[in-house]
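Listed below are the residues making up each chain.
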Amino acid sequence: MTGVPAERVSTRHWVVCDTLIVDLGARMRVLSSAPRGGGLRTTRYILNHQVPSHPPGADSGGDWTHPSHYLRRLAETHGVDSDCVGLMTAVPMTQFVTHREEQDGLWVEGFATVGVTNAVRAGEPVHRVPGERSSASAGTINLILVTNGCLAVPAMVGAVQVATESKTGLLRDHAVPSWTGLAGATGTGTDAVVVASAPRGNGPWLPYAGTHTEIGSMIGRVVADCLLQGLALAAQWAEKHRP
């Protein structure tokens, strides 16, 4: 597995045609719940692509029923490796946010799009409304976390856990309701999390990433800051587009 020394690990990102492209600079280990490239793999590129809130059918030009296939073709269109990790969202890329924390040579960088029209409280009964909120992209909170630390696989899972705890805490602090009307949303029905970690031997080795660790603390702050920015932008967008 190839990588780069920790002191040279860096990311670049840009937006093109409603797609955020995060270039990790080299192949890194990535754990995610992404519709394209989900699970544990190595990749150099992570995409977050905006789709319509209510996507048309496949016969109108977008194969929305197979997001992995669609995202693969999108990556190829942009000259990105097809083995990328890809996400979808209805949130405009003008609202994507980022935040970075660094301490003693260790850093965590976060990229996020925040939509809460699909918010839900974990454990409430599943509600399906014909013609509404049927898209896997509607109202999604997509979180992308990148670190120059080399996380053990259990630590990568722990990083996802901490990111989720931080997201849920922020939503509860701001009293975001479920779209069904129940109080106390814990996330949205289509959230995705991506954690990218330096390959072993190319960054500080971190066997744990819970809330008692420095990396866990940094992840919590990065996610919280991204959520704060994102919720503010979502509120501004909703106010601007109020009927």
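Here is what the cut-offs are and how they apply
- Residues numbered from 1 in each chain as written.
- Predicted model: local features only at pLDDT ≥ 70, side-chain atom pairs only at ≥ 80, totals over all residues.
- Heavy atoms only, no water.
- Phe/Tyr/Trp six-rings, centres within 6.5 Å; stacked < 30°, edge-to-face > 60°.
- Lys NZ or Arg CZ within 6 Å of the ring centre and 35° of its normal.
- Axes fitted to C-alpha atoms, helices over the stretch in contact; angles between N-to-C directions.
- Helix = DSSP H or I, 4+ residues; strand = E, 2+ residues; numbered from the N terminus.
- Parallel < 35°, antiparallel > 145°, perpendicular 65-115°, else oblique.
- Left-handed = near helix turned anticlockwise from the far one by under 90°.
- Contact = heavy atoms within 4.5 Å.
- Nonpolar A, V, L, I, M, F, W, Y, C, P; charged D, E, K, R; others polar.
- Buried < 20%, exposed > 50% of the residue type's maximum accessible area, 1.4 Å probe, protein only.
- Pairing = 2+ DSSP bridges.
- Arc of directions from axis to C-beta.
- pLDDT = per-residue confidence, 0-100.
- Salt bridge = Lys/Arg side-chain N within 4 Å of Asp/Glu carboxyl O.
- Core = buried A, V, L, I, M, F, W, Y, C linked by side-chain atoms within 4.5 Å.

Describing the packing of aromatic side chains
Part 1: Taken as a whole and judged by the stated rule, the model has 0 aromatic pairs.
Part 2: A cation over a ring is seen here: R200 above W205, with NZ or CZ 3.9 Å from the ring centre.

Looking at the packing of helix α2 (residues 153–173) against helix α3 (residues 214–240)
Part 1: In contact at an axis separation of 8 Å, α2 and α3 are set at 40 degrees when each is read in the N-to-C sense. When the axes of α2 and α3 are compared, the pair comes out oblique. Regarding α2 and α3, the two cross each other, and that crossing is right-handed. Taken together, the residues of α3 that come into contact with α2 (itself represented by A159, V162, A163, S166, K167, L170 and L171) are G216, I219, G220, V223, A224, L227, L228 and L231.
Part 2: Looking at the contact of α2 with α3 residue by residue, the class counts come to 11 nonpolar, 3 polar and 1 charged.

Focus: unusual backbone geometry
Part 1: At D18, a residue that is not glycine, the phi angle is positive and equals roughly 65 degrees.
Part 2: On the secondary structure map, D18 appears in the loop between β1 (12–16) and β2 (19–32).
Part 3: For D104, which is not glycine, the phi torsion reads 55 degrees and is therefore positive.
Part 4: With respect to the helices and strands, the residue D104 is situated in the loop between β5 (97–103) and β6 (106–114).
Part 5: Since its relative accessible area comes to 77%, D104 is described here as exposed.

A few points about the pairing of β2
Remember that side chains alternate between the two faces of the sheet whenever the strand is regular.
Part 1: Most of β2 sits out of view: 12 of its 14 residues are buried.
Part 2: Here 5 bridges tie β1 to β2, and the two strands are oriented antiparallel to one another. Paired with R12 across the bridge in β2 is D23.
Part 3: Counting the residues between successive antiparallel strands, the hairpin from β1 to β2 contains 2 residues, one of them, C17, with a positive phi of roughly 50 degrees.
Part 4: Where β2 and strand β3 (residues 39–50) come together, 10 bridges link them in antiparallel fashion. Among the inter-strand pairings, L31 is bridged to a residue of β3, identified as L40.

Topic: helix α1 (residues 67–77)
Part 1: Among all positions in α1, only Y70, L71, L74 and A75 are buried. Taken end-on, α1 shows its buried residues confined to a sector of 135 degrees, consistent with a single buried face.
Part 2: Each element contacted by the buried residues of α1 is listed here: β2, β3 and β4 (85–89).

Quick notes on the environment of Q161
Part 1: Along the chain, the position of Q161 falls in helix α2.
Part 2: Considering only alpha carbons, one finds Q161 and A209, 48 residues apart in sequence, at a separation of 9.1 Å.

A few points about the confidence of the model for the protein
Part 1: With 87% of its residues at a pLDDT of 70 or more, the protein shows a mean pLDDT of 88.
Part 2: When mean pLDDT is taken per element in the protein, strand β11 (residues 192–197) scores highest with 98 and strand β7 (residues 119–120) scores lowest with 92.

Focus on the pattern of salt bridges
Part 1: Under the defined criterion, the tally for this structure stands at 8 salt bridges.
Part 2: Between E101 and R221 there is a salt bridge; the shortest N-O distance is 3.2 Å. Taken together, the residues span a long stretch of sequence, with E101 in strand β5 and R221 in helix α3 at a distance of 120 residues.
Part 3: For E101, a relative accessible area of 18% gives the class buried.

Some words on the nonpolar core
Part 1: In terms of nonpolar packing, the biggest core is built from 34 residues, with L145, L151, I215, I219 and L227 touching the most fellow members.
Part 2: Counting residues per element, the ones that place at least two in this core are β6, β8 (141–147), α2, β11 and α3.
Part 3: Element by element, the count of residues in this core is highest for α3, at 9 residues.
Part 4: For L145, the contacting residues outside a window of four places in its chain are V108, E109, G110, A163, V194, V195, A196, I219, V222 and V223.
Part 5: Among the nonpolar cores identified, the runner-up in size contains 19 residues, and V22, V85, I144 and A198 belong to it.

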